[in-house]
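This is what each chain is made of:
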Amino acid sequence: MRRQTNLHGATGSALSPRAPESLNALVMHDGGVNAWLDDPENGTPIQRPAPALADGNLSYQIPGKPVPLGFYSTGTANFRYWTAVEALRRGADFWQARIPGLMWHMGPKLTVVLDDGVDLNAYYDRTALKFFHGSSAEGVVYSGESPDILCHEMGHAILDALKPELWNVGSQEVAAFHESFGDMSAILSALQLPVMRAAVIAETDGHLNRSSRLSRLAEQLGQAIRESYPDAVEPDCLRNASNRFMYQSPVLLPSSGPASLLTSEPHSFSRVFTGAFLDAIAGMLLALSGNRSAPTDDDLLQASEHMGDILVAGVHSASVVANFYSQVAGGMVQAAGQLNPAFLRPLKAAFVKRGILSLHSATSVETLANAARSMVGDGGGSESDARASTDIAIDGKLYGLGDVAVIVEAPSQPRRFAASSVVSEFAPAPVPSSESAARGFVEQLFRQGRVDLGGAVDEVDRIDPLASLKTHRLVKAEGALRLERILCDCGLHHD
Ligand SMILES: [Zn+2]
């Protein structure tokens, strides 16, 4: 049986109904549920108020018979149902508070399939969030039981609602940002739990960017994947936001590699931005606490809420271009300055340290943003009404498709300001053209067998792995083949 550990290190067996240790300093007698704090691996059970599946613009629906409210034992399907609803509701409530009126891409209700069969995976495909189960040495692992994974997938749906023009763009950096946003959503959603705030302050001694149960995402699924593919994930989780990866232009990185290396594969490259995000929120916490050695629970709650606002503003203002990271980072720095000048320094420091912003970009971003705004008016010139991409045609023969053009959306929105990344101490990174960024993205998809060829290639000519999960498809359009995204997967599929 999997060990359960409470915050004081005591261990116990599975909970009995209605009698878990309450770690939430909130003793509930009726109308609550048992749930995991962040992940089932060495999981901490908590009690939470009854979450509402349907609530406001960001409602969910779960096909099948509803599970009556109750305090269920871990290891049961009923427990998994309510821990999923609790995490999904908490995450959506966090984003709804930041973006009132936001609605899922498909309408007011997002379908959630809690167990769609055997796979160590989870994904968002614009119709639903889908979770699966698989076996490990410790027993059956359900991806829909981990609040980390639930709030990551929900984050894909939030970003798709916030900036739908990112969905089809052929850009490694945009795809990686989608993954990073999922992980940032998991971290910010976790910080809405008082127990998590207390735990992470204690574990990191108030230095939030240290490795902790907050930074380590999806420990249980990481463990399950590690059994079969030891180098595919981090040593102690799926991905760790506490890392030291530096920005490099993704078009120059290998397309895949072990977890210890940075590659252009979206989940791998996402770690650069997520690492900067964790550094930034750690700095904001110090600023809010007046550099006290022990920040308070309220300091951390405030830091998480402000960071959510800053992130939304950065995403909203960012032009969809090949160097998307620096555009979001520039927008976040600008938003931080408007929210609280004390946040400017930690935001700039985090993005400059990672090379996401060059020193010059960081020091001039407010001036450049103001100048850009005065030129184009208050709209900023890069809101959703602007077209995010330009279609480019790539020779299909490059991918064994014969004499046909592949149409790809290249990231080519006008830049709001000239924020740039850096790859050396002396020179900003050259920004790849939208065409070379799109070509690099497509090349990577084909190399990894991620494109559903839809019969466009004879079986004997196919080079994609037999069992690879397809994230994109080719759709016939006016004598050519258009590349479209099918889904954002959670990166657990390693065939
Ligand atoms: Zn994902």
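Residues numbered from 1 in each chain as written. Predicted model: local features only at pLDDT ≥ 70, side-chain atom pairs only at ≥ 80, totals over all residues. Heavy atoms only, no water.

**Remarks on the side chain of K470**
(1) Moving on: Tracing the backbone through its elements, the reader meets K470 in the loop between β15 (451-452) and β16 (472-477).
(2) Moving on: There is a polar contact of 2.9 Å between the side chain of K470 and the backbone oxygen of G449.
(3) Moving on: Beyond its immediate chain neighbours, meaning those up to four positions away, K470 contacts G449, R450, V451, D452, R462, D464, P465, I486 and L487. (Helix = DSSP H or I, 4+ residues; strand = E, 2+ residues; numbered from the N terminus. Polar contact = N/O pair within 3.5 Å; in protein donor to acceptor, adjacent residues only side chain to side chain. Contact = heavy atoms within 4.5 Å.)

**Topic: the packing of helix α8 (residues 324-339) against helix α9 (residues 344-354)**
(1) Moving on: Between α8 and α9, whose axes approach to 8 Å, the crossing angle comes to 165 degrees. One finds that α8 runs roughly antiparallel with respect to α9. Crossing of α8 over α9 shows left-handed handedness. Judged by residue contacts, A329, M332, V333, A336 and G337 of α8 engage L344, L347, K348 and F351 from α9.
(2) Moving on: For the contact of α8 with α9, a count of residues per class yields seven nonpolar, one polar and one charged. (Axes fitted to C-alpha atoms, helices over the stretch in contact; angles between N-to-C directions. Parallel < 35°, antiparallel > 145°, perpendicular 65-115°, else oblique. Left-handed = near helix turned anticlockwise from the far one by under 90°. Nonpolar A, V, L, I, M, F, W, Y, C, P; charged D, E, K, R; others polar.)

**Some details on the packing of helix α7 (residues 297-317) against α8**
(1) Moving on: Look at α7 against α8: their axes get within 7 Å of each other, and the N-to-C directions meet at 130 degrees. As summarised for this structure, α7 and α8 are arranged oblique, according to the angle between their axes. Where α7 crosses over α8, the two elements pack in a sense that is right-handed. The segment α7 lies against α8, with H306, M307, I310, L311, A313, G314, V315 and S317 engaging V328, G331, M332, A335, A336 and L339.

**Some points on the confidence of the model for the protein chain**
(1) Moving on: Per-residue confidence for the protein chain gives a mean pLDDT of 86, with 85% of residues at or over 70.
(2) Moving on: Low pLDDT, under 50, characterises residues 1-29; the stretch is placed with 66 contacts to residues that sit more than four places away or in other chains. (pLDDT = per-residue confidence, 0-100.)

**Observations concerning the coordination of the zinc ion**
(1) Moving on: Around the zinc ion, the protein contributes the donor atoms H152 (NE2), H156 (NE2) and E179 (OE), at 2.1 Å from the metal centre.
(2) Moving on: In terms of primary sequence, the donors binding the zinc ion are separated according to H-x3-H-x22-E. On the criterion of sequence distance, the pair formed by H152 in helix α2 (residues 147-162) and E179 in helix α3 (residues 172-190) is long-range, its members being 27 residues apart. The pair H152 / E179 is uniform in exposure class, with both members buried. (Donors = N, O, S within 2.8 Å, 3.2 Å for Na, K, Ca; no water. Buried < 20%, exposed > 50% of the residue type's maximum accessible area, 1.4 Å probe, protein only.)

**Regarding α9**
(1) Moving on: Those residues of α9 that fall on the buried side of the exposure criterion are L344, P346, L347, A350, F351 and R354.
(2) Moving on: G355 sits one or two positions beyond α9 and adopts a positive phi of about 80 degrees.

**Brief notes about the nonpolar core**
(1) Moving on: Membership of the largest hydrophobic core comes to 110 residues, with the highest contact counts inside it found for F177, L347 and F351.
(2) Moving on: Top element by residues in this core is helix α6 (residues 266-288). It accounts for 11 residues.
(3) Moving on: Setting aside residues up to four positions removed in sequence, F351 forms contacts with F273, A276, A329, M332, V333, I356 and L357. (Core = buried A, V, L, I, M, F, W, Y, C linked by side-chain atoms within 4.5 Å.)

**Section: the pattern of salt bridges**
(1) Moving on: Going through the model one piece at a time under the given rule, you end up with 21 salt bridges.
(2) Moving on: Salt-bridge contacts for R354 lead to D279; the nearest nitrogen and oxygen are separated by 3.0 Å. Taken as a pair, R354 in helix α9 and D279 in helix α6 lie far apart in primary sequence, 75 residues in all.
(3) Moving on: By relative accessible area, which is 3% here, R354 ends up buried.
(4) Moving on: For R439, the salt bridge is made with E435, and the minimal N-O distance between the two is 3.2 Å. Residue R439 and its partner E435 are located together in helix α11 (residues 434-447), separated by four residues, close to a single helical turn.
(5) Moving on: Connected via shared salt-bridge partners are R48, E86 and R90. (Salt bridge = Lys/Arg side-chain N within 4 Å of Asp/Glu carboxyl O.)

**Considerations on the packing of aromatic side chains**
(1) Moving on: Counted under the stated rule, the structure contains 16 aromatic pairs.
(2) Moving on: Measuring from centroid to centroid gives 5.0 Å for F94 and W95, while their planes differ by 80 degrees, and the two rings are edge-to-face. Comparing F94 with W95 shows no difference in burial state: the two are buried.
(3) Moving on: Grouped by ring-pair contacts, the aromatic residues F94, W95, F177, F181, Y247, F269, F273, F324, Y325 and F351 constitute a single cluster.
(4) Moving on: Taking NZ or CZ as reference, R98 lies 4.7 Å from the ring centre of F94, over its face.
(5) Moving on: Its guanidinium or amino end placed over the ring of W167, R485 lies 5.7 Å from that ring's centre, counting from NZ or CZ. (Phe/Tyr/Trp six-rings, centres within 6.5 Å; stacked < 30°, edge-to-face > 60°. Lys NZ or Arg CZ within 6 Å of the ring centre and 35° of its normal.)

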